[in-house]
Amino acid sequence: MQNLLHIEQGNVSQVCKLALQIPEFSDPVYAEKLTRRLKGVPSLILIAYWNAQPAGIKIGYEREPDGSFYSWIGAVLRDYRKQGIACALAERQEAWAKDQGYTHIRFKTRNCFKAMQSFALSRGFDIIGYEPREERPQDRIWMEKKL
């Protein structure tokens, strides 16, 4: 059986349901927080499906009026990793952002998420900032890619 990937725009309730299955999310993704963050700003919620099963999410929004789009949340369920889903979600988000007139994609990750850092660097992102925390694994790393 051939595996089929399909990506479509989603909604807050879909994201919350999938986020409960992502072990790296130490804090639950609450509908109220998502709705508050996305209210009144251009945003995009993407849901990836693998063989019609929800497999990943990608959320971004306009955070600063400087031409950049902030990629806020992205994750693939553990059973669906290493299938190109994260890359497909990132490509769709970047294409959408470029079509909307954004010139850059930005995001921040934690120092402990080495796979995310590697993924971003392989996709052409640069490290543009660093925010130390009390515990080094929780330090924040800002990354940016020109569209």
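Higher on the page you've got the structure.
Definitions and limits used
- Residues numbered from 1 in each chain as written.
- Predicted model: local features only at pLDDT ≥ 70, side-chain atom pairs only at ≥ 80, totals over all residues.
- Heavy atoms only, no water.
- Salt bridge = Lys/Arg side-chain N within 4 Å of Asp/Glu carboxyl O.
- Helix = DSSP H or I, 4+ residues; strand = E, 2+ residues; numbered from the N terminus.
- Buried < 20%, exposed > 50% of the residue type's maximum accessible area, 1.4 Å probe, protein only.
- 1 Å grid on protein atoms, 1.4 Å probe; cavity = no way out; pocket = protein on both sides within 12 Å on 5 of 7 lines; lining within 4 Å.
- Points joined across faces, edges and corners; volume = space filled by probe spheres on them.
- Nonpolar A, V, L, I, M, F, W, Y, C, P; charged D, E, K, R; others polar.
- Pairing = 2+ DSSP bridges.
- Axes fitted to C-alpha atoms, helices over the stretch in contact; angles between N-to-C directions.

> Would you mind showing me how to read the pattern of salt bridges here?
Proximity of charged atoms lets side chains of opposite charge pair with each other. All told, the structure shown has 7 salt bridges when counted by the stated rule. A salt bridge links Glu-94 to Arg-123; its shortest N-O distance comes to 3.0 Å. With a gap of 29 residues between them, Glu-94 in helix α3 (residues 85–99) and Arg-123 in the loop between α4 (114–122) and β6 (126–131) connect regions that are remote in the sequence. For Glu-94, a relative accessible area of 11% gives the class buried. Using a relative accessible area of 14% as the deciding quantity, one classes Arg-123 as buried. Measuring nitrogen to oxygen at the nearest pair gives 4.0 Å for the salt bridge that ties Asp-139 to Arg-136.

> Mind showing me how you'd approach the layout of surface pockets here?
Taken as a whole, the largest pocket encloses approximately 1,400 Å³ of empty space. Lining the largest pocket we find 40 residues, and of these Phe-25, Gly-74, Ala-75, Phe-113 and Met-116 sit closest to its centre. If one sorts the elements of the lining of the largest pocket by residue count, strand β4 (residues 68–76) sits on top with 7 residues. The class makeup of the residues in the lining of the largest pocket is 21 nonpolar, 6 polar and 13 charged.

> Any chance you could explain the sheet that holds β6 here in plain terms?
Sheet strands line up and pair through hydrogen bonds in the backbone, either parallel or antiparallel. Strand order in the open sheet formed by 7 strands is β1-β2-β3-β4-β5-β7-β6, and the pairing between neighbours is mixed. Lying at the two open borders of the sheet, with one neighbouring strand each, are β1 (5–9) and β6. Across the sheet, the mean angle separating the axes of adjacent strands is 25° when strand polarity is ignored. One ladder, built from 6 bridges, connects strand β3 (residues 53–61) with β4; its direction is antiparallel. Residue pairing in the sheet places Gly-60 in a bridge with Ser-71 of β4.

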